[in-house]
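Listed here are the chains, written in short residue letters.
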Amino acid sequence: MTEENEMLLSAGAVEALLAWYGEHKRDLPWRRTADPYRIWISEIMLQQTRVEAVKRYYTRFLEAFPTVQALADAPEEQLLKLWEGLGYYSRARNLQKAAKVIVSDYGGEMPPDAAKLRKLPGIGDYTAGAVASIAFGLPEPAVDGNLLRVLSRVDACFDDITGPAVKKKWSERLRSSIPQEPERAATFTQAMIELGATVCVPNGAARCGECPLIPWCRAKREDLTDALPVKGEKKPRRIEDKTVLLIRDGERTALHKRPDRGLLAGLYELPNVPGHLDADRVTELVRGYGFEPLRVRRVEDAKHIFTHIEWHMIAYDVRIAAEPEGEHVTSGLRLVGQRELHERYAVPSAFSAYTKYL
């Protein structure tokens, strides 16, 4: 590995990277704007989410909330409904929290300062650097997993990239390679992101024949590309068995609101309980809710993977006798009509195998 104080990417490497990006960059909607708000929204959506999926959400979201003020004022149910399917709903809630701070502290305009951006809810080092450089042209590093892979290979570094100290070190080393001119600083960040996403890829062999940094890449020169980057072993996910209940009264479906803290906080879900229950136990459970089950039918099994947890689900379609009220006091469940369910409530994608029945 090179010395810590040596420039990570030479001037020639930077020029080659910028030229490559000019010829090969993808046409993405958030690259057609210099609006810091829109760039921020795209960066938050792109966390843990594929580019093709984000395109649809990005346009629809900004039509509903075209300004920071509109986002700050949005009803939470509308916000979460527009986020439905993107997952990691805390991102949406933090967007709104940050929007309220931007309105109250910065007059509705995002601050052109990485340190101030970093203090906003939901904005970490990477997002602060990305917005500061792409939207404001500041020479700030934006180092995520993709860039850690690129830099580890360029520098033939065997440090474990999952360590926070390693990410901080790469950020500081990259800073000296960022062009000082605002337009070039913005382009540099986007070019590095593009390189990691499309050429120096995470799954499968790196496309070294397409890489503008090949003349400067030690991993390629020393035949180390497949060995890098080094990533520590992940802890195995915790398995949780669930029984999911599609409790229906005619066209109405029972929903349960999750607690305000923890996984899928505050979202409406299909009622579910720990373990895998048989039909007789489900019948007892539904009666315990205060409903009268008319039919209990097993439907397909499903699995959903969160970052650290796997849900292994079995499910029952439960038809119940007609209920007079939508808000069911005994069970705490809410009976919601089909149209209202699809237009208003953000049901987590963990239940996508079952929402098709509704």
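Quick note: structure is the one above.
Throughout, a residue's number is its position along its own chain's written sequence, starting from 1. Where totals are concerned, whole chains, interfaces and linings use all residues; where local detail is concerned, this predicted model gives features only for residues with pLDDT of at least 70, and gives and counts side-chain atom pairs only at 80 or more. Values shown for side chains rest on all heavy atoms present in the structure; no hydrogens or waters enter the calculation.

Caption draft 1: Spotlight on the layout of surface pockets. Computed over the protein atoms alone on a 1 Å grid, cavities are sets of points where a 1.4 Å probe fits but cannot get out and pockets are open sets with protein on both sides within 12 Å along at least five of seven lines; a residue lines them when it has an atom within 4 Å of a point. Grid points are joined across faces, edges and corners, and a volume is the space filled by probe spheres set on the points. Approximately 280 Å³ is the volume attributed to the second largest pocket. What lines the second largest pocket is a set of 16 residues, and nearest its centre among them are Tyr21, Lys25, Arg31, Thr187 and Gln190. Counting from the N terminus, the helices are the DSSP runs of H or I reaching at least four residues and the strands are the DSSP runs of E reaching at least two. Here the lining of the second largest pocket gets four residues from one element, more than from any other, and that element is helix α11 (residues 182–198).

Caption draft 2: Representation of the pattern of salt bridges in the model. Throughout this description, the term salt bridge denotes a Lys or Arg side-chain nitrogen within 4 Å of a carboxyl oxygen of Asp or Glu. Applying the stated criterion across every chain, the model contains 30 salt bridges. Across the pair Arg93 and Glu76 runs a salt bridge, and its minimum N-O distance is 3.5 Å. Here Arg93, found in helix α6 (residues 90–106), pairs with Glu76, found in helix α5 (residues 76–83); they are 17 residues apart in sequence, far enough to count as distant. Assessed through its relative accessible area of 16%, Arg93 is described here as buried. When accessible area is computed with a 1.4 Å probe and restricted to protein chains, residues below 20% of their type maximum are described as buried, those above 50% as exposed, and intermediate ones as partly exposed.

Caption draft 3: Representation of the packing of aromatic side chains in the model. Pairing of aromatic side chains requires ring centres within 6.5 Å, counting the rings of Phe and Tyr and the six-membered ring of Trp. Pairs whose planes differ by under 30 degrees are stacked, by over 60 edge-to-face, and all others tilted. Evaluation of the coordinates by the stated rule reveals seven aromatic pairs. A centroid spacing of 5.1 Å and a plane angle of 75° characterise the contact between Phe61 and Phe65, whose relative ring orientation is edge-to-face. The exposure class of Phe61 is buried, given its relative accessible area of 0%. Where Phe61 meets Trp83, the ring centres are 5.9 Å apart and the plane angle is 75°; that geometry is what we call edge-to-face. With Phe61 in helix α3 (residues 51–64) and Trp83 in helix α5, this pair connects stretches of sequence that are 22 residues apart. Neither residue differs from the other here; Phe61 and Trp83 are each classed as buried. Through successive ring pairs, a cluster of aromatic residues spans Phe61, Phe65 and Trp83.

Caption draft 4: Broad picture of the nonpolar core. If you look at the biggest cluster of nonpolar residues, it comprises 96 residues, and the most contacted ones within it are Leu9, Trp40, Ile41, Phe61, Leu71 and Tyr354. Per-element tally for this core: the top contributor is helix α8 (residues 125–136), with seven residues. Residues count as neighbours in contact if any of their non-hydrogen atoms are within 4.5 Å of one another. Every residue in contact with Tyr354, bar those within four places of it in the chain, is listed here: Val244, Leu246, Leu270, Val299, Glu300, Asp301, Ala302, Met313, Ile314 and Ala315. Formed by 16 residues, the second largest nonpolar core is a distinct cluster that contains Ile247, Phe291, Tyr316 and Leu335. Here, nonpolar core refers to any group of buried Ala, Val, Leu, Ile, Met, Phe, Trp, Tyr and Cys residues whose side-chain atoms link them within 4.5 Å.

Caption draft 5: Spatial organisation of helix α9 (residues 145–155). The element α9 is extensively covered by neighbouring structure, given that nine of its eleven residues are classed as buried. Structurally, α9 contributes buried residues whose contacts are with α10 (164–175), α11 and α12 (218–221). What qualifies as a polar contact is a pair of N or O atoms within 3.5 Å, subject to a donor-acceptor requirement within protein and to the restriction that residues adjacent in sequence count only when both atoms come from side chains. Regarding α9, its N-cap is Asp144, as a side-chain oxygen of that residue lies 3.2 Å from the backbone nitrogen of Asn146 further along. Where α9 terminates, the next one or two residues include Ala156, which has phi positive at roughly 50°.

Caption draft 6: Summary view of the state of the cysteines. What counts as a disulfide here is a pair of cysteine sulfur atoms lying within 2.5 Å. Following the criterion strictly, the structure yields zero disulfides and no others. Cysteine Cys157 shares no disulfide, and the gap to the nearest cysteine sulfur, in Cys217, comes to 13 Å. The class of Cys157 is buried, set by a relative accessible area of 1%. Cys211 takes part in no disulfide bond, and the closest cysteine sulfur, belonging to Cys200, lies 6.2 Å away.

Caption draft 7: Structural context of the environment of Arg173. Tracing the sequence through the fold places Arg173 in helix α10. The spatial distance from the C-alpha of Arg173 to the C-alpha of Leu9 is 9.2 Å, given a sequence separation of 164 residues. Within the structure, Arg173 has its side chain in polar contact with the side chain of Asp155 (distance 3.0 Å).

Caption draft 8: Looking closely at empty space enclosed by the protein. On inspection of all chains with the given rule, the structure shows two cavities of 30 Å³ or more. Its volume calculated, the largest cavity comes out at about 110 Å³. If you trace the largest cavity, you find 16 residues lining it, with Arg153, Cys200, Cys208, Cys211 and Cys217 closest to the centre. When contributions to the lining of the largest cavity are tallied by element, the ones reaching two or more residues are α9 and α12. A per-element tally of the lining of the largest cavity places α9 first, with three residues. Ten residue types, Ala, Val, Leu, Ile, Met, Phe, Trp, Tyr, Cys and Pro, are classed as nonpolar, four, Asp, Glu, Lys and Arg, as charged, and the remainder, Gly among them, as polar. Classifying every residue of the lining of the largest cavity by side-chain character gives twelve nonpolar, one polar and three charged. Quantified by volume, the second largest cavity comes out at close to 30 Å³. Taken together, Glu140, Pro141, Ala142, Leu147, Leu174, Ile178, Phe188, Thr189 and Met192 form the lining of the second largest cavity. For the lining of the second largest cavity, the element with the highest residue contribution is α11, accounting for three residues.

Caption draft 9: Broad picture of the packing of helix α1 (residues 11–24) against α11. Angles shown run from 0 to 180 degrees and are taken between the N-to-C directions of axes, each axis being a line fitted to C-alpha atoms and, for helices, limited to the stretch in contact. The contact between α1 and α11 brings their axes to 9 Å, and the two run at 75°. With respect to their mutual orientation, α1 and α11 come out roughly perpendicular. Touching Val14, Glu15, Leu17, Leu18, Trp20, Tyr21 and His24 of α1 are Arg184, Thr187, Phe188, Gln190, Ala191, Met192, Glu194, Leu195 and Thr198, all from α11. Here the contact of α1 with α11 is composed, by residue class, of nine nonpolar, four polar and three charged. Here the angle decides the label: under 35 degrees means roughly parallel, over 145 means roughly antiparallel, 65 to 115 means roughly perpendicular, and every other value means oblique.

The analysis is restricted to geometry; functional conclusions fall outside its scope.
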